[in-house]
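One-letter residues, chain by chain:
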Amino acid sequence: MLFSMNWAKDFINIKDDAESIAKKLTMVGFNAASVEHLGKEIKGVFIGQILEITNHPEADRLRIAKVDIKDRILTIITAAKNIKKGDKVVVAVPGAELFNGKKIGKMEFYGVVSEGMLCSASELGMDDHGLPEEMREGLLILPQDAPVGADFKEYFPLEDSVIEFELTPNRPDCFSILGIAREIAAVYNEKLEYPSISLKEEGSGEIHKKIKIDIKDKDLCFRYVARIIEDIKVGPSPLWLQRRLQACGVRPINNIVDVTNYVMLELGQPLHAFDYEKIKGREIIVRRAQKGETIKTLDGRLRELNEEILVIADKERPLAIAGIMGGENSEIKENTKTVLLESAVFYGPNIRRTGRTLGLRTEASVRFEKGLDPEIALLASERACELIEKLGIGRVAKGYIDVYPNPQEKVRLKLDYDKINKLLGTNIPLEKMIEILVKLNFKVEKNDEIYVEAPSYRKDITCTADIAEEIARVYGYDNIPSSLPSNISTIGKIKKFHRLKSKIENILICNGFSEVYNYSIINPKMMDMVKAPEEHEHKRLISIINPLSEEMSVLRTTLIPGIVDVVKYNINQKIDEVKVFEIGKTYHPKSLPLKELPVEKTRIALGLYGKDYDFYEIKRVLETVFFALRVKDAKFKKTEYYALHPGRSAAFYIDDDLIGVVGELHHDVAENYCLEGKRIYVAEIDFDLLIEKSDEVIQYTPLPKFPPAERDLAFVLDDDVPVAEVIEAIKEVSRPLLERIELFDIYKGEKIPAGKKSVAFSLTFRSYERTLKDEEVNELQEKIISIVEERFGGKLRES
């Protein structure tokens, strides 16, 4: 919200500078992001009158003007074509400084000395968008009542201080000059002057004979005020009005549109003007759109409407999208003679949903979304009509139509000052509380008990805590003494999910991994890049209704594409080793199109790349995680997974439940990511299921009294025999005396036949009841050799 100090002076006598006001309002809950001083650098500009103008004898494009600035007559060279004798112009004399630091001095043009410069609007730091075309291309021409010789900055409010406030959504009443001025008045204890309205109403006839207003959907439109203005003269707005709009970030368009924008910025109530002659059947109907209806909005786009969108219509078609934008079929143009002025209040959430559906947001919709005060609609309408009369651009018809079916109820609360003091930790006297509330325009009723009535524009006031907040911020947070809590605090506990999440993060970081965060909204083409089959559940993607772009249009069902993207980025940055992980949500629909909220699953994804890394490194990291979480009986089984190499991938299970997959990225997927020849290893784990299978209970066992018996066995197996299955078979025949089994070597090469591999295990046997005899261990060893031979065709390696 841009707040013009000059404009605010219409309502309040402001003596402090903009920086001080910004600081004080920040302390009462209105954060001031910046202060900008407009026109401050401009000096040495005066109002002059053209006495004579002739062509330059040596230059066809230049003209010589004699300009009276009261105390002297200057000779000034100009190339502008839009000035004539008698015009009032802005003159920058030698020594003047203009917008952007431009300095003016005497200068010779083909033998004629120019004693200054005639100024255009842009050279004075003004937006020339709302000026007549000849002024946009030439010089700024002032009204004939401009006093010759006067300092232009004293005649015209060129200098202004503008504060940008970052307002919270609960204070829509402050999205206006009047709203911020109210807060300043309360903070500085100054009197606020509300605009007094006086209308002549010189138009022909009464409005009730000219138009009918019908609100069909009263749940979406709370109030509708209509006025009719006749004999409209569409043209540029006066400079002072344009300057105020520009200071608040709004470009001037024409006098009628500018008046509606002016009132919106001043009072916070958006208005809309319709060309009265284009309203079919002389009736305005506020209703939901019908299926299949369309409207071409003022931005030139044809928009398809649905039954949830509120429109302003006539007997035949929609004329505007309520609270957002008008239609071209009722637009104000230069030949418009009669205008219907709308001042209405709509249901905020509906305006917000409509804006998202259509991808359309305006200054008006921003205000409607937050919820406006219906009580200000009539004042805003009358203020606009008053400006139209004062500017002489139309005649207001007698009367107005005000459809207000369900006037809003006033909020009345008991002032429990003891409770408020306890809540704030203060000892503020009752009289001080009442004084503060009166400053904020609350009504206070004193009987046996004290009640306060919130202003109609304060929709955020609903309970005693809200009143306490109002008292605290105006009383001053820095005036509230510091104190310790009086009650004994309880010690909070972290839930299992967060404990184990933190534990896993620490384990991965200690193993050299870096945590990354990817967007949950992805490009649907990413699923094609990782070769997800059409029938796979990961291709059942949930589309965003109003995406920012195609690159962010669906919710992810897997973390792998994002992790591969991160690995690719790091490889492109010439990083030799990449170890990354992400813990994030994936989204899985129960049905498409969505009929209920999707299932959200938490997953972990790992990405690994480097010349010294292989499948067994990422598998080792996973086993480390399982061990730390005390996950029992995690089994790795050979599998085929769409994104992974068919011979270098595995699925891992706990109690026959699939926990995740791990393996080397499929060469086709690597090619899709322009990573040909790169061996990248990825894993994805169902985090929720992993947490469920984990065990936080630490079980202690006594130190063994008897020594272990150790054996190393190496088997020659077929290349495609899964080592995990061999380990499970060994465990099967060795229980309960097998204490530990560890794979310590896999070898291919000399003395090993082609298509074979040597797999070496270290075995530890122990009894907790006696010392094992060699015969017992040898018997177990023979059982192991036998089952490996029978089940897997393996042979004991002799050397």
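These remarks concern the structure in this document.

Thresholds applied
Residue indices begin from 1 for each chain and proceed along its sequence in written order. Totals for whole chains, interfaces and linings use every residue, but because this is a predicted model, local features are given only for residues with pLDDT of at least 70 and side-chain atom pairs only at 80 or more, for both listing and counting. Excluded from the side-chain calculation are hydrogens and water; included are all heavy atoms of the structure. Orientation is described by lines fitted to C-alpha atoms, with helices fitted over the stretch in contact, and by angles between N-to-C directions that extend from 0 to 180 degrees. Numbering of helices and strands starts at the N terminus; helices are DSSP runs of H or I of at least 4 residues and strands are runs of E of at least 2. Note on terminology: angles under 35 degrees are roughly parallel, angles over 145 are roughly antiparallel, angles of 65 to 115 are roughly perpendicular, and the others are oblique. Note: crossing handedness is left-handed where the near helix turns anticlockwise from the far helix by less than a right angle, and right-handed where it turns clockwise. Contacts were defined at the residue level, with two residues in contact if any of their heavy atoms lie within 4.5 Å. Ten residues, namely Ala, Val, Leu, Ile, Met, Phe, Trp, Tyr, Cys and Pro, are considered nonpolar, four, namely Asp, Glu, Lys and Arg, are considered charged, and the remaining ones, Gly among them, are considered polar. Counted as a polar contact is a pair of N or O atoms within 3.5 Å, where, for protein atoms, one must be capable of donating a hydrogen and the other of accepting one, and residues adjacent in sequence contribute only when both atoms are in side chains. In this scheme, strands are said to pair when DSSP sees at least two bridges between them. Helix span is expected to be 1.5 Å times the residue number reduced by one. Summary of the burial criterion: residues with accessible area below 20% of their type's maximum are buried, those above 50% are exposed, and those between are partly exposed, where the area comes from a 1.4 Å probe applied to protein chains only.

A word on the packing of helix H11 (residues 417-424) against helix H13 (residues 464-475)
Where H11 contacts H13, the axes come no closer than 10 Å and their chain directions differ by 65 degrees. One element, H11, and the other, H13, form an angle in the roughly perpendicular class. For H11 against H13, the interelement crossing comes out right-handed. Along the contact surface, H11 presents Lys419, Ile420, Leu423 and Leu424, while H13 presents Thr464, Ala465, Ile467, Ala468, Ile471 and Ala472. Looking at the contact of H11 with H13 residue by residue, the class counts come to 8 nonpolar, 1 polar and 1 charged.

Examining the environment of Asn254
With respect to the element layout, Asn254 can be found in the loop between helix H6 (239-247) and helix H7 (255-267). Distance from Asn254 to Lys70, taken between C-alpha atoms, is 33 Å for residues 184 residues apart in sequence. With sequence-adjacent residues up to four places away left out, Asn254 is seen in contact with Val234, Gly235 and Ser237. One polar contact links the side chain of Asn254 to the main-chain amide nitrogen of Val257, over a distance of 3.0 Å.

Looking at the pairing of strand S3 (residues 43-55)
One ladder, built from 6 bridges, connects S3 with strand S6 (residues 88-97); its direction is antiparallel. Looking across to S6, one finds that Val45 is bridged to Ala92. Two strands pair when backbone bridges link them, and S3 and strand S4 (residues 63-68) are joined in this way by 6 bridges, in the antiparallel orientation. Residue Thr54 lies in a different strand from S4, and its bridge partner there is Ile64.

Description of the sheet that holds strand S33 (residues 634-638)
Spatial ordering of the open sheet is given by S27-S31-S32-S36-S35-S34-S33, a layout of 7 strands whose pairing is mixed. This sheet does not close on itself; its edge strands, each paired only once, are strand S27 (514-515) and S33. With 5 bridges connecting them, strand S35 (residues 657-665) and strand S36 (residues 680-686) associate as antiparallel partners. Note that in S36 the partner of Val661 across the bridge is Glu684.

Section: the sheet that holds strand S29 (residues 542-543)
The strands that make up a sheet pair up through hydrogen bonds in the backbone, lying either parallel or antiparallel. Across the sheet, which stays open at both edges, the 3 strands sit in the order S28-S30-S29 with antiparallel pairing between neighbours. Two strands close off the open sheet at either side, each with one partner strand: strand S28 (521-522) and S29. Examined bridge by bridge, S29 and strand S30 (residues 554-555) share 2 bridges and lie antiparallel to one another. If you follow Ser543 over to S30, its bridge partner there is Val554.

Here's the deal with helix H5 (residues 177-188)
Count 3.6 residues to each turn of an α-helix, and residues three or four apart come out pointing the same way. Taking 1.5 Å per residue as the helical rise, H5 with its 12 residues ought to reach 16 Å, and the 16 Å between its terminal C-alpha atoms agrees with that figure. Buried within H5 are the following residues: Ile177, Leu178, Gly179, Ile180, Ala181, Arg182, Glu183, Ile184, Ala185 and Ala186. Just downstream of H5, Asn189 is the residue with a positive phi angle, here 55 degrees.

Focus on the side chain of Glu582
Locating Glu582 in the fold gives a position in strand S31 (residues 578-588). At 2.9 Å, the side chain of Glu582 and the side chain of Asn518 are in polar contact. Not counting residues up to four positions away in its chain, the partners in contact with Glu582 are Val516, Tyr517, Asn518, Arg556, Leu559, Ile563, Arg603, Ile604 and Ala605.

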